[in-house]
Structures are given as C-alpha cells and as structure tokens.
Amino acid sequence: MQRYSGFGLAKHALNHHENWERQWRNPTPKKQYDVIIVGGGGHGLATAYYLAKEHGITNVAVVEKGWLGGGNTARNTTIVRSNYLWDEAAALYEHSMKLWEGLSQDLNYNVMFSQRGVMNLAHTLQDMRDVQRRVNANRLNGIDSVVLTPEEIQEIVPIMDCSKNARYPILGASWQPRAGVARHDAVAWGFARAADALGVDILQNTEVTGFKIRDGRVYGVHTNRGDIEARTVGCVAAGNSGVLAKMAGFRLPLESHPLQALVSEPLKPVLDTVVMSNHVHGYISQTDKGDLVIGAGIDGYNGYGQRGSYPTVEHTLQAIVEMFPIFSRVRMNRQWGGIVDTCPDACPILSATPVKGLFFNCGWGTGGFKATPGSGHVFAWTLAKNQAHPIAAPFSIDRFHTGALVDEHGAAGVAH
C-alpha cells in the first residue's frame, strides 16, 4: 500500500479535481467518420463500444446534444431482468442479462450490478394466471423463474403486508433470482471510457439538427458544430426518436410519455430485493446507500417534460405504503421524470429505415435500461454488417406492416 508523509497528505488534500485525469477525451469533431451514433446514453455508448471491440470499427463518433447519460440513462430506476413472455423478447433480454453478468470485468469498470432478485406481485386471479404462464414460458426459454406463494414472499420480504386484510391482497408472485439492479451512471461512464480507449470520439454538447440525405441515402448529419459525414448513422435517442425520424422524412409508430420516479431519504438496510406490482403501478428497491427508489407508471398523456407530477406521485406512494406500512413516515427527497418512447406492442425497434444507411434503435418504453448491453451488442452487429442481427430481426419496423407484433404489455411491467 502506498504511504504518504504529512506533506504528501496535505498535497493530495489540496489537489483539486481540475487536475484529475479525465476518463475520456473531449475531441473536436472530424469532418468524416465511418459510423455516427446519435445519442450518448447507455445504448448509444454500448453500440459504439461493441462496434470498436467486436467489429474493429473505431472511426466512430457518438454525438450527444447534452452530457453523457443525461437523458433516460440517468432518469430510471435501474432494474435489470429478463423474464419476458414471448420467445423473441426473452431472447433479447436474456442476451443482455448474460452480458450484464460479466460487464464489470469486460469494461474494467464497476457498474455495481447486484443480482438481488426481482419479484413481480400478483393481486388477482388473472394476475396469478399471467404469472404462471410467464414463468412456464421463461423456463422453456432457459430463464430462471419460479412462482412464489404468499408464505414464500413473506419469507423473502418480511416487511411487506401479505395479510388477508391487505387492501391489495397478495396471491403470489413471479421471482427471477438472477435479476437485480445496477448503477446507471456507472454504466454510461464505463462504456464511455472503454469506447474512448478504443478510439471512439465522444462529442458532447453536439446537437443533431438534421440529416444529409441524397437519393434516399444518408451521408451524415447537420449539427450545431457543423456538418459531420458518415454513410452509416445509428439513432439511439430514446424519447426524441420520433423527432429525429421526422427530420429524416418518415414517421415511427412511437408515442413519447413522461415516466416518473422518486427517491427517499436514506434508511438502514431493510429491503434486499426489487418488488414490482404491475397492477397498482408501483415498484420499489433500496440502494446500497439506503435510499428507497420508487417507480410509477407512464403518464397517460404525451409529452417531453422531464419532471414529476403530484397525482402520479400520490397514487404510487399510497400503493407503496399499503404494501409496506413500515415506510409510511419516510420522507421523499426528490422526484424526476424521463421521456420514454413506447411502441404499440411494448417492444423496441431495432431496424433499418426507408433511408439507406440510417438505422434506429428506439421504442424501449420502460425496458431500456435493463437491455443496455444487449441492445448495444446486437445494434452494433446490425450496423457493422448492414443487416439485422438474428436476435434483433423480429424487432424490425416492418412488423407494424406485416402484423407480426411481439406483444409484451404484460411482461413489460408498467409500460402499459
């Protein structure tokens, strides 16, 4: 262990952060790249990283209008799971789960992935039928999933009200032990540092204002820092995807909604798993530093407001307090909203578009964070090879014309 003298300690105490080594460069945009990624959140940074690592494409620019991870990556409740119903969605999220399990080692950056399990509660007989169906489907796809009885739920979460007098009676739950949470900003920072080390240019405060399109092909983007050329452009901008598509001259079957969350004052450890209830639109977990992280359903109206609203917060908190009376006097510290883009079937779009060379990765609804590494991995493959990765193929934009939808409204939690 390195030891410091009294003088050395004083020297390091006065060493301000301005002298710290930066985790990634702040380059000037080049005139031309092989690939441009629009959006510097988790999915965009993961795409750039896997393009460089897996496909040797390092002449890549990640173009972000604000700061890295300043959108939905920093505005979510960090839940990671793969217990989706249909084969296509289960394959995508399980692919991501397997990458999560080795992500800290792969990036050499601690993303604080904690496999503490995720529990989805059932309050009605129909809920229980849905739970049993989904658990059976998960197990057929090789995904860890079990049905819990109220007694087993009480054993895992003693502080939850599982009594017969509960306002929201708990009849059972699905349980995925490998699921859990991760630190959202660490995920963005880890992918950014690793991509930068492989030669990717990360361009913050660089807003895309349009696309350079000729004869049905993309040749680059217009930005507030000048034009940047590339014959392959991947858009990964979450709630603003519909705005970007309009700039390119087509429409996407998306709706953007605010999704709210809030966090409490820190408490001693009392909840060591994630509890979700689709029926009452609330879910809760506790961070390593003790905060309770509470999520709600999407707002019923369309919008781009990154803030909370009292009716949604009140509805969510009354449900949480009914299930966890122990939290009735806990104070909330802050609330926020992210902008989620939802598709009609609650599944994403990973697809080429009517403009040659222009690809979109969007429509994740409330499931975006959990898919971060898997989304980036298959999207990078799609961009590098100019054809859909086999796991991404079912999520083409064409499915909204053919009718081959992948309806995950039930398993998507509060996305409906």
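Reading the values: the criteria
- As a convention, each chain's residues are numbered from 1 in the sequence order in which they are written.
- Where local features are concerned, this predicted model is filtered to residues with pLDDT of at least 70; where side-chain atom pairs are given and counted, the filter is 80 or more; whole-chain, interface and lining totals use all residues.
- Side-chain measures here rest on the full set of heavy atoms in the structure, leaving out hydrogens and waters.
- UniProt positions are given in the numbering used here, feature names are shortened, and annotations may be inferred rather than shown by experiment.
- As a rule, the C-alpha atoms of each element are fitted with a line to give its axis, helices using only the stretch in contact, and angles between N-to-C directions run from 0 to 180 degrees.
- Under the DSSP-based scheme used, a helix requires at least four consecutive residues in state H or I and a strand at least two consecutive residues in state E, with every element numbered from the N terminus.
- Should an angle fall under 35 degrees it is called roughly parallel, over 145 degrees roughly antiparallel, and 65 to 115 degrees roughly perpendicular, with every other angle called oblique.
- Here, residues are in contact when the closest pair of their heavy atoms is within 4.5 Å.
- Residues were grouped as follows: Ala, Val, Leu, Ile, Met, Phe, Trp, Tyr, Cys and Pro as nonpolar; Asp, Glu, Lys and Arg as charged; and all remaining residues, including Gly, as polar.
- Strands are labelled as partners when DSSP assigns at least two bridges between them.
- Buried, partly exposed and exposed residues are distinguished by accessible area as a fraction of the type maximum, computed with a 1.4 Å probe on protein chains only: under 20%, between the cut-offs, and over 50%, respectively.
- Pairs of N or O atoms are called polar contacts if they sit within 3.5 Å, as long as, within protein, a hydrogen donor faces a hydrogen acceptor (for residues adjacent in sequence, only side-chain-to-side-chain pairs).

An unreviewed UniProt entry annotates the chain as Sarcosine oxidase subunit beta originating from Halomonas ventosae. Per UniProt, the chain carries the Subcellular location (unreviewed entry) text "Cytoplasm". UniProt annotates the chain under Sequence similarities (unreviewed entry) with the comment "Belongs to the SoxB family."

Engineer: Is there a simple way to think about the packing of helix 3 (residues 87-100) against helix 10 (residues 372-385) in this case?
Structural biologist: When two helices pack together, you describe them by how their axes are tilted relative to each other and by the distance separating the axes. Look at helix 3 against helix 10: their axes get within 7 Å of each other, and the N-to-C directions meet at 110 degrees. Relative to helix 10, the element helix 3 lies roughly perpendicular. In this structure, helix 3 uses Leu92, His95, Ser96, Leu99 and Trp100 to contact helix 10, whose residues at the interface are Thr372, Pro373, Gly374, His377 and Val378. Grouping the amino acids of the contact of helix 3 with helix 10 by side-chain chemistry returns 5 nonpolar, 5 polar and no charged.

Engineer: I would appreciate a short explanation of the sheet that holds strand 2 (residues 60-63) in the present structure.
Structural biologist: Hydrogen bonds along the backbone pair up the strands of a sheet, which may run parallel or antiparallel. Taken in spatial order, the 6 strands line up as 8-2-1-12-19-18 in an open sheet, and their pairing is mixed. In the strand order of this sheet, the two ends are held by strand 8 (201-203) and strand 18 (349-352), each with one partner. Pairs of neighbouring strands in the sheet enclose a mean axial angle of 15 degrees, with direction left out of account. Pairing between strand 1 (residues 35-38) and strand 2: 4 bridges, direction parallel. When the sheet's bridge partners are listed, Ile36 is paired in strand 2 with Ala61.

Engineer: Would you explain the pairing of strand 2 in this entry?
Structural biologist: In summary, the side chains of a regular strand alternate between the two faces of the sheet. Of the two faces of strand 2, the one holding Val60 and Val62 and the one holding Ala61 and Val63 are both buried throughout. With 3 bridges connecting them, strand 2 and strand 8 associate as parallel partners. Opposite Ala61, over in strand 8, you have Asp201 as the bridge partner.

Engineer: Honestly, the UniProt feature "domain: Rhodanese" (unreviewed entry) in the chain in this entry has me stumped. Any pointers?
Structural biologist: The UniProt record annotates "domain: Rhodanese" (unreviewed entry) at residues 35-79. From the first C-alpha to the last, residues 35-79 spans 30 Å; its make-up is 31% helix and 20% strand.

Engineer: What is the right way to read the side chain of Asp299 from this model?
Structural biologist: With respect to the element layout, Asp299 can be found in the loop between strand 16 (292-298) and helix 9 (310-323). A distance of 2.7 Å separates a polar atom in the side chain of Asp299 from a polar atom in the side chain of Tyr301. When near neighbours in sequence (up to four residues on either side) are disregarded, Asp299 contacts His257, Pro258, Gln260, Ser309 and Thr312.

Engineer: Even after reading the chapter, I still don't get the environment of Thr47, so can you show me in this structure?
Structural biologist: In this fold, Thr47 is placed in helix 2 (residues 42-55). The exposure class assigned to Thr47 is buried, which follows from its relative accessible area of 0%. Placed 144 residues apart in sequence, Thr47 and Phe191 show a C-alpha to C-alpha distance of 9.1 Å. Beyond its immediate chain neighbours, meaning those up to four positions away, Thr47 contacts Ile37, Gly376, Phe379, Ala380 and Leu383.

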